[in-house]
Amino acid sequence: MKKVNWKDLQRGDFVAAGCVAIVFAAVAGLIGVWLFGVLAGLVTGYVAAVTRRRYLTTLQERAAVPDGIVWDVELNGVKVGTVSDSDYAAMRLNVFTDWRNYVAQLLNTGRVAMRVFDSLFVALPVLVFWAVVAAAIFAPDALASALTSLQAATPEQLAAGAVNAARILAVLGLMSVGLNAMIGARYGFVNRFSEATAHMLRRRVGAAAEGNLVLLRWADGTLHLNDELHERRRGLYRVCGGDV
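Residues numbered from 1 in each chain as written. Predicted model: local features only at pLDDT ≥ 70, side-chain atom pairs only at ≥ 80, totals over all residues. Heavy atoms only, no water.

Participant: Honestly, the packing of helix α3 (residues 85–96) against helix α7 (residues 192–205) in this entry has me stumped. Any pointers?
Facilitator: When two helices pack together, you describe them by how their axes are tilted relative to each other and by the distance separating the axes. Viewed as axis vectors pointing N to C, α3 and α7 meet at an angle of 140°, and their least axial separation amounts to 9 Å. Classified by the interaxial angle, the pair formed by α3 and α7 is oblique. Seen along the crossing, α3 lies across α7 with a hand that is right-handed. Touching Asp-87, Tyr-88, Met-91, Arg-92, Asn-94, Val-95 and Phe-96 of α3 are Phe-193, Ser-194, Ala-196, Thr-197, Met-200, Leu-201 and Arg-204, all from α7. When the residues that make up the contact of α3 with α7 are grouped by side-chain class, the tally is 8 nonpolar, 3 polar and 3 charged. (Axes fitted to C-alpha atoms, helices over the stretch in contact; angles between N-to-C directions. Helix = DSSP H or I, 4+ residues; strand = E, 2+ residues; numbered from the N terminus. Parallel < 35°, antiparallel > 145°, perpendicular 65-115°, else oblique. Left-handed = near helix turned anticlockwise from the far one by under 90°. Contact = heavy atoms within 4.5 Å. Nonpolar A, V, L, I, M, F, W, Y, C, P; charged D, E, K, R; others polar.)

In structure tokens, the structure reads:
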């Protein structure tokens, strides 16, 4: 596959890059570092655009190979059919060029953001309460001094302190969300691209049931699972947990 750079990018790639940049800037704005957010958003957006274009180019190349490898399709551990890699690549190409999937993903991301904010509204007051309790137990003098300084503060100092406290709480809240995500919390997130691909695969093999959809094949006595991200590095594929 030829190298992809900014000259190869198309309108859809720039739209995807813009969405990524806006998300980064919005998150950075929550903690008061707009400049960093904008710069990080521009860099990440460019990476997202190039990655999308490279992936679509790879799919086009794979879809054009009629005599490529063939995958067994398993649903909940039971083989339900087969699909050639060229047909699978054509499905993925269809999914990633259909803007209805992008709109669906954007709406889902918005709902996830609302659930994250809802959880923060619950978690942050609890965090502040227990922080005050801990300070009262382990550092009562420091807590008393802080309360005395708060009572003697000017309105300008109170406003500046409130802004700093909000930033600290926003950072702690984002860290909490990140930790929860690492241990499995999804906040209602659904990968609409994987969902659309799985729907097309089930329709292709005539399987109406929902569940764990896997593509696999045996080659020289070795089991290969479909993993497109890993394929970019080593030529293998993997589909698991319905994320196809």
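There is more to say, and it comes next.
Participant: How should the pairing of strand β2 (residues 78–84) be read in this particular structure?
Facilitator: Direction of pairing for strand β1 (residues 70–75) relative to β2: antiparallel, over a ladder of 6 bridges. Bridge pairing in β2 links Asp-72 to Thr-82. Connecting the antiparallel pair β1 and β2 is a turn made up of 2 residues, with Asn-76 showing a positive phi of about 55°. (Pairing = 2+ DSSP bridges.)

Participant: Just checking my understanding: could you explain a nonpolar patch on the surface for this structure?
Facilitator: A cluster of nonpolar side chains, namely Leu-127, Ile-168, Val-171, Leu-172 and Met-175, defines an oily patch on the protein surface of about 420 Å² accessible area. The dominant element in the nonpolar patch, judged by the number of residues it contributes, is helix α6 (residues 155–182), at 4 residues. Assignment of secondary structure puts Val-171 in helix α6. Note on Val-171: relative accessible area 33%, which makes it partly exposed. (Patch = residues over 30% accessible without salt bridge, like charges linked within 9 Å, V, L, I, M, F, W, Y side chains within 5 Å. Areas by Shrake-Rupley, 256 points an atom, 1.4 Å probe, with all protein chains shown as cover. Salt bridge = Lys/Arg side-chain N within 4 Å of Asp/Glu carboxyl O. Buried < 20%, exposed > 50% of the residue type's maximum accessible area, 1.4 Å probe, protein only.)

Participant: Is there a simple way to explain the sheet that holds strand β4 (residues 222–225) in this structure?
Facilitator: For sheets, the rule is that strands pair by backbone hydrogen bonds, running either parallel or antiparallel. The strand order across the open sheet formed by 4 strands is β2-β1-β3-β4, and the pairing between neighbours is antiparallel. Where the open sheet ends on each side, the last strands, each with one partner, are β2 and β4. When strand polarity is set aside, the average angle formed by the axes of neighbouring strands in this sheet is 35°. Summarising the sheet, strand β3 (residues 213–219) and β4 pair through 4 bridges and their orientation is antiparallel. Each residue of the ladder has a partner; that of Trp-218, found in β4, is Leu-223.

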